[in-house]
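Given next are the chains, with one letter for each unit.
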Amino acid sequence: MQYHAHIFFDLDHEQAAIRLREQLLHIFPERIFVGRLLCRAVGPLPKPMFQLEYENVDAIYVQQVLTQKCLGFSVLIHPILENEILAHTVYATWLGTPLELRLDQL
(Lines give C-alpha, C1' and ligand atoms only; values in the text may rest on other atoms or scores of the structure.)
Protein backbone atom coordinates (compact mmCIF):
# COMPACT_ATOMS: atom_id res chain seq x y z
CA MET A 1 0.00 0.00 0.00
CA GLN A 2 1.13 3.53 -0.73
CA TYR A 3 0.68 6.59 1.46
CA HIS A 4 0.68 10.35 1.21
CA ALA A 5 1.56 12.70 4.03
CA HIS A 6 0.58 16.34 3.50
CA ILE A 7 2.39 18.91 5.63
CA PHE A 8 0.31 22.10 5.72
CA PHE A 9 1.55 25.61 6.41
CA ASP A 10 0.39 29.21 6.35
CA LEU A 11 2.07 31.49 3.82
CA ASP A 12 3.44 33.66 6.62
CA HIS A 13 5.31 30.52 7.81
CA GLU A 14 6.63 29.56 4.37
CA GLN A 15 10.29 29.86 5.44
CA ALA A 16 9.71 27.41 8.30
CA ALA A 17 8.08 25.00 5.82
CA ILE A 18 11.07 25.36 3.48
CA ARG A 19 13.45 24.54 6.35
CA LEU A 20 11.35 21.55 7.41
CA ARG A 21 11.23 20.23 3.85
CA GLU A 22 15.03 20.53 3.58
CA GLN A 23 15.46 18.63 6.85
CA LEU A 24 13.18 15.85 5.62
CA LEU A 25 15.09 15.61 2.33
CA HIS A 26 18.24 14.89 4.36
CA ILE A 27 16.58 12.52 6.83
CA PHE A 28 14.57 10.30 4.52
CA PRO A 29 16.09 7.84 2.04
CA GLU A 30 15.50 8.51 -1.66
CA ARG A 31 12.67 5.97 -1.83
CA ILE A 32 10.56 8.39 0.25
CA PHE A 33 9.56 11.15 -2.16
CA VAL A 34 9.51 14.68 -0.74
CA GLY A 35 7.51 16.94 -3.04
CA ARG A 36 7.86 20.64 -3.73
CA LEU A 37 6.06 23.36 -1.83
CA LEU A 38 2.64 24.22 -3.22
CA CYS A 39 1.85 27.74 -2.03
CA ARG A 40 -1.90 27.45 -2.54
CA ALA A 41 -4.77 25.16 -1.65
CA VAL A 42 -5.18 22.25 -4.09
CA GLY A 43 -8.18 19.94 -4.51
CA PRO A 44 -9.49 18.85 -1.11
CA LEU A 45 -6.43 20.26 0.67
CA PRO A 46 -7.35 23.57 2.32
CA LYS A 47 -3.93 25.22 2.73
CA PRO A 48 -0.50 25.43 1.15
CA MET A 49 1.47 22.23 1.71
CA PHE A 50 4.10 19.83 0.55
CA GLN A 51 3.62 16.11 0.19
CA LEU A 52 5.49 12.93 0.96
CA GLU A 53 4.89 9.71 -0.96
CA TYR A 54 5.99 6.37 0.45
CA GLU A 55 5.25 2.66 0.74
CA ASN A 56 3.78 0.74 3.66
CA VAL A 57 7.24 -0.58 4.61
CA ASP A 58 8.21 2.99 5.59
CA ALA A 59 4.90 4.03 7.19
CA ILE A 60 5.90 3.67 10.85
CA TYR A 61 9.27 5.36 10.30
CA VAL A 62 7.72 8.29 8.41
CA GLN A 63 5.08 8.82 11.09
CA GLN A 64 7.72 8.75 13.84
CA VAL A 65 9.87 11.34 12.05
CA LEU A 66 6.89 13.58 11.28
CA THR A 67 5.71 13.38 14.89
CA GLN A 68 9.13 14.63 16.03
CA LYS A 69 9.86 17.19 13.30
CA CYS A 70 6.46 18.69 12.42
CA LEU A 71 5.61 20.39 15.69
CA GLY A 72 3.39 23.37 14.92
CA PHE A 73 2.33 21.98 11.54
CA SER A 74 -0.88 20.14 10.66
CA VAL A 75 -0.08 16.85 8.93
CA LEU A 76 -2.55 14.58 7.14
CA ILE A 77 -1.42 10.99 6.55
CA HIS A 78 -3.61 8.78 4.38
CA PRO A 79 -3.39 5.63 2.28
CA ILE A 80 -3.89 5.74 -1.47
CA LEU A 81 -7.24 4.07 -2.10
CA GLU A 82 -9.74 4.00 -4.94
CA ASN A 83 -12.27 5.55 -2.58
CA GLU A 84 -10.61 8.90 -1.90
CA ILE A 85 -13.24 10.04 0.59
CA LEU A 86 -12.56 7.02 2.80
CA ALA A 87 -8.81 7.51 2.35
CA HIS A 88 -9.00 11.15 3.48
CA THR A 89 -11.44 10.54 6.37
CA VAL A 90 -11.93 7.06 7.86
CA TYR A 91 -8.40 5.81 7.15
CA ALA A 92 -6.63 9.15 7.67
CA THR A 93 -4.43 10.10 10.60
CA TRP A 94 -3.76 13.66 11.71
CA LEU A 95 -0.68 14.94 13.51
CA GLY A 96 -1.14 18.37 15.04
CA THR A 97 -4.38 20.26 14.52
CA PRO A 98 -6.77 18.60 12.04
CA LEU A 99 -8.01 20.83 9.23
CA GLU A 100 -11.35 20.78 7.49
CA LEU A 101 -10.84 19.18 4.08
CA ARG A 102 -12.83 20.24 1.03
CA LEU A 103 -14.20 16.76 0.38
CA ASP A 104 -16.50 18.06 -2.37
CA GLN A 105 -13.30 18.56 -4.41
CA LEU A 106 -12.47 14.83 -4.49
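Anything mentioned here points back to the structure above.
Residues numbered from 1 in each chain as written. Predicted model: local features only at pLDDT ≥ 70, side-chain atom pairs only at ≥ 80, totals over all residues. Heavy atoms only, no water.

### Quick word on the packing of aromatic side chains
(1) Moving on: Per the counting criterion, the structure on display carries three aromatic pairs.
(2) Moving on: The interplanar angle of 10° and the centroid separation of 5.7 Å between the aromatic rings of Tyr3 and Tyr54 together place this pair among those described as stacked. With Tyr3 in strand E1 (residues 2-8) and Tyr54 in strand E3 (residues 49-55), the pair connects residues that are 51 residues apart, well separated along the chain. Per residue, the accessibility class of Tyr3 equals that of Tyr54, and both read buried.
(3) Moving on: Geometrically, the ring pair formed by Phe8 and Trp94 is stacked, given 6.0 Å between the ring centres and 25° between the ring planes. One end of the pair, Phe8, is in strand E1; the other, Trp94, is in strand E5 (residues 93-95), and 86 residues separate them in sequence.
(4) Moving on: Trp94 sits in the partly exposed class, given a relative accessible area of 23%. (Phe/Tyr/Trp six-rings, centres within 6.5 Å; stacked < 30°, edge-to-face > 60°. Helix = DSSP H or I, 4+ residues; strand = E, 2+ residues; numbered from the N terminus. Buried < 20%, exposed > 50% of the residue type's maximum accessible area, 1.4 Å probe, protein only.)

### Observations concerning the state of the cysteines
(1) Moving on: Evaluated as defined, the whole model comprises zero disulfides.
(2) Moving on: Residue Cys39 stays outside any disulfide, its sulfur separated by 16 Å from that of Cys70, the closest cysteine. (Disulfide = S-S within 2.5 Å.)

### Describing helix H2 (residues 59-69)
Each α-helix turn comprises 3.6 residues. Residues three or four places apart therefore point the same way.
(1) Moving on: Within H2 the residues assigned to the buried category are Ala59, Val62, Val65 and Leu66. The arc that holds the buried residues of H2, viewed along the axis, is 135°, so those residues lie on one side. Exposed side chains of H2 directed beyond 90 degrees from the buried face belong to Ile60 and Gln68.
(2) Moving on: Those residues of H2 that are buried lie in contact with E1, helix H1 (14-27), E3, strand E4 (74-79) and E5. (Arc of directions from axis to C-beta. Contact = heavy atoms within 4.5 Å.)

### A closer look at the pattern of salt bridges
Where side chains of opposite charge bring their charged atoms close, a pairing between them can arise.
(1) Moving on: Applying the stated criterion across every chain, the model contains three salt bridges.
(2) Moving on: For Lys47, the salt bridge identified is with Asp10, shortest N-O distance 2.8 Å. One end of the pair, Lys47, is in the loop between strand E2 (33-34) and E3; the other, Asp10, is in the loop between E1 and H1, and 37 residues separate them in sequence.
(3) Moving on: For Asp10, a relative accessible area of 34% translates into the label partly exposed.
(4) Moving on: Between Asp58 and Arg31 there is a salt bridge, with the nearest N and O atoms lying 2.9 Å from each other. Pair noted here: Asp58 is in the loop between E3 and H2 and Arg31 is in the loop between H1 and E2, with a separation of 27 residues, a long-range link.
(5) Moving on: A residue is classified by how much of its surface remains accessible, and Asp58, at 4% relative accessible area, is buried. (Salt bridge = Lys/Arg side-chain N within 4 Å of Asp/Glu carboxyl O.)

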